[in-house]
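Breakdown of the fold
Single-letter residue listing:
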Amino acid sequence: MVMLSHFIHRELRLLARQKADWLNPVLFFIIVLSLFPLGVGPEPNLLRQMAPGIVWIAALLSVLLAAERLFKDDFRNGVVEQLVAARQPVMAFVLAKTFTNWLSTGLPLVLLSPLVALLLGLNTASLMAMMLTLALGTPLLSLLSVLGAALTLSADKGGILLALLILPLYIPLLIFASAAMEAASMGLSYQGQLAIILAMLLFSLALIPFAVASALKINVS
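Treat the numbers as computed from the prediction; the structure is a model and nothing was measured. (Residues numbered from 1 in each chain as written. Predicted model: local features only at pLDDT ≥ 70, side-chain atom pairs only at ≥ 80, totals over all residues. Heavy atoms only, no water.)

The number of helices and strands found in the protein chain is 10 helices and 0 strands. Order of helices (α) and strands (β) in the protein chain, N terminus to C terminus: α-α-α-α-α-α-α-α-α-α. A compact globule built from 221 residues should have a C-alpha radius of gyration of about 17 Å, and the protein chain, at 18 Å, falls within 12% of that. Taking the principal axes of the C-alpha coordinates as reference, the protein chain spans close to 60 × 35 × 30 Å. Taken over 221 residues, the protein chain has a buried fraction of 45%. Of the contacts formed within the protein chain by residues at least 6 apart in sequence, a portion of 80% connects residues at least 24 apart. When the accessible area of the protein chain is evaluated, it comes to approximately 11,000 Å², of which 70% is carbon and sulfur surface. Considering the protein chain, the positive charge centre built from 12 side chains and the negative charge centre built from 9 side chains are found 8 Å apart. (Helix = DSSP H or I, 4+ residues; strand = E, 2+ residues; numbered from the N terminus. Rg over C-alpha atoms; globule rule 2.2 N^0.38 Å. Buried < 20%, exposed > 50% of the residue type's maximum accessible area, 1.4 Å probe, protein only. Contact = heavy atoms within 4.5 Å. Areas by Shrake-Rupley, 256 points an atom, 1.4 Å probe, with all protein chains shown as cover. Lys, Arg positive; Asp, Glu negative; His and termini not counted. Charge placed at Lys NZ, Arg CZ, Asp CG, Glu CD.)

A complete count under the given rule lists 2 aromatic pairs for this structure. The interplanar angle of 70° and the centroid separation of 5.6 Å between the aromatic rings of Phe7 and Phe93 together place this pair among those described as edge-to-face. Taken together, the positions of Phe7 in helix H1 (residues 2-17) and Phe93 in helix H6 (residues 90-111) put the pair 86 residues apart, joining distant regions of the chain. Geometrically, the ring pair formed by Phe71 and Phe93 is tilted, given 6.0 Å between the ring centres and 50° between the ring planes. Linking Phe71 in the loop between helix H3 (44-65) and helix H4 (72-76) with Phe93 in helix H6, this pair joins segments that are 22 residues apart in sequence. Relative accessible area serves as the criterion here: at 1%, Phe71 is assigned to the buried category. Ring pairs connect the aromatic residues Phe7, Phe71 and Phe93, which therefore count as one cluster. (Phe/Tyr/Trp six-rings, centres within 6.5 Å; stacked < 30°, edge-to-face > 60°.)

As recorded in UniProt, the sites labelled "transmembrane region" (unreviewed entry) are residues 21-40, 46-67, 101-122, 128-153, 160-181 and 193-216. The span residues 21-40 shows a helical share of 100% and a strand share of 0%, and its end C-alpha atoms are spaced 30 Å apart. Between the end C-alpha atoms of residues 101-122 the distance is 28 Å, and the span holds 86% helix and 0% strand. (UniProt positions renumbered as here; feature names shortened; annotations may be inferred.)

For any two helices packed against each other, the geometry is given by the interaxial angle and the distance between the axes. Where helix H2 (residues 20-40) contacts H6, the axes come no closer than 9 Å and their chain directions differ by 30°. Between H2 and H6, the angle falls in the class roughly parallel. Crossing hand, H2 versus H6: right-handed. Note on element contacts: H6 touches H2 through Ser104, Thr105, Pro108 and Leu109, opposite Trp22, Pro25, Val26 and Phe29. (Axes fitted to C-alpha atoms, helices over the stretch in contact; angles between N-to-C directions. Parallel < 35°, antiparallel > 145°, perpendicular 65-115°, else oblique. Left-handed = near helix turned anticlockwise from the far one by under 90°.)

The next point concerns a nonpolar patch on the surface. Taken together, Leu23, Leu27, Ile31, Leu35 and Leu38 make up a surface patch of nonpolar side chains, about 500 Å² in accessible area. Checked against the element boundaries, Leu35 lands in helix H2. (Patch = residues over 30% accessible without salt bridge, like charges linked within 9 Å, V, L, I, M, F, W, Y side chains within 5 Å. Salt bridge = Lys/Arg side-chain N within 4 Å of Asp/Glu carboxyl O.)

And the structure:
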């Protein structure tokens, strides 16, 4: 726990210095959502029908935007190599990266939900569904992004490879989160979709940190 707290404080200090790492995904999310009403016209019914897909495509692309640089600087500066060589707890480093990645990219998307609802003309039920799916889904996006960043760490064109590797893994979450929002807009229950998203999150939380730690060690060796 002490090492985890140390790594979290370190990552928060880095985020404070490198504001573009968390500002760019948030601005990208807002800009994408702002363009859709301008592109399709001021049709409230059409925007409400498209809202589930729009919100989640913008969310996963904004999280993916910040994924490539997750380990790049630490890898170039030799931090990852020192952790592995000194037999330091790499797992604490991975968990700190995942948590701060969600804190800087996922949590702002949840907090921006009321603004999104205003832009797309969503009702209260749809807003609540969007907030719940984002609260459960964005940690999963961060876990998958961290996994992709670790697997493509030493690749020359890591950004393209990262997108090709991670985007297919986003599809189940996109399907169930959009279905939950669509069900809420029609006044139907969406607890089943939320339960599936929660199950995917817990499954990923149990396995992905170990896979990321192993990938970092392989890239160093």
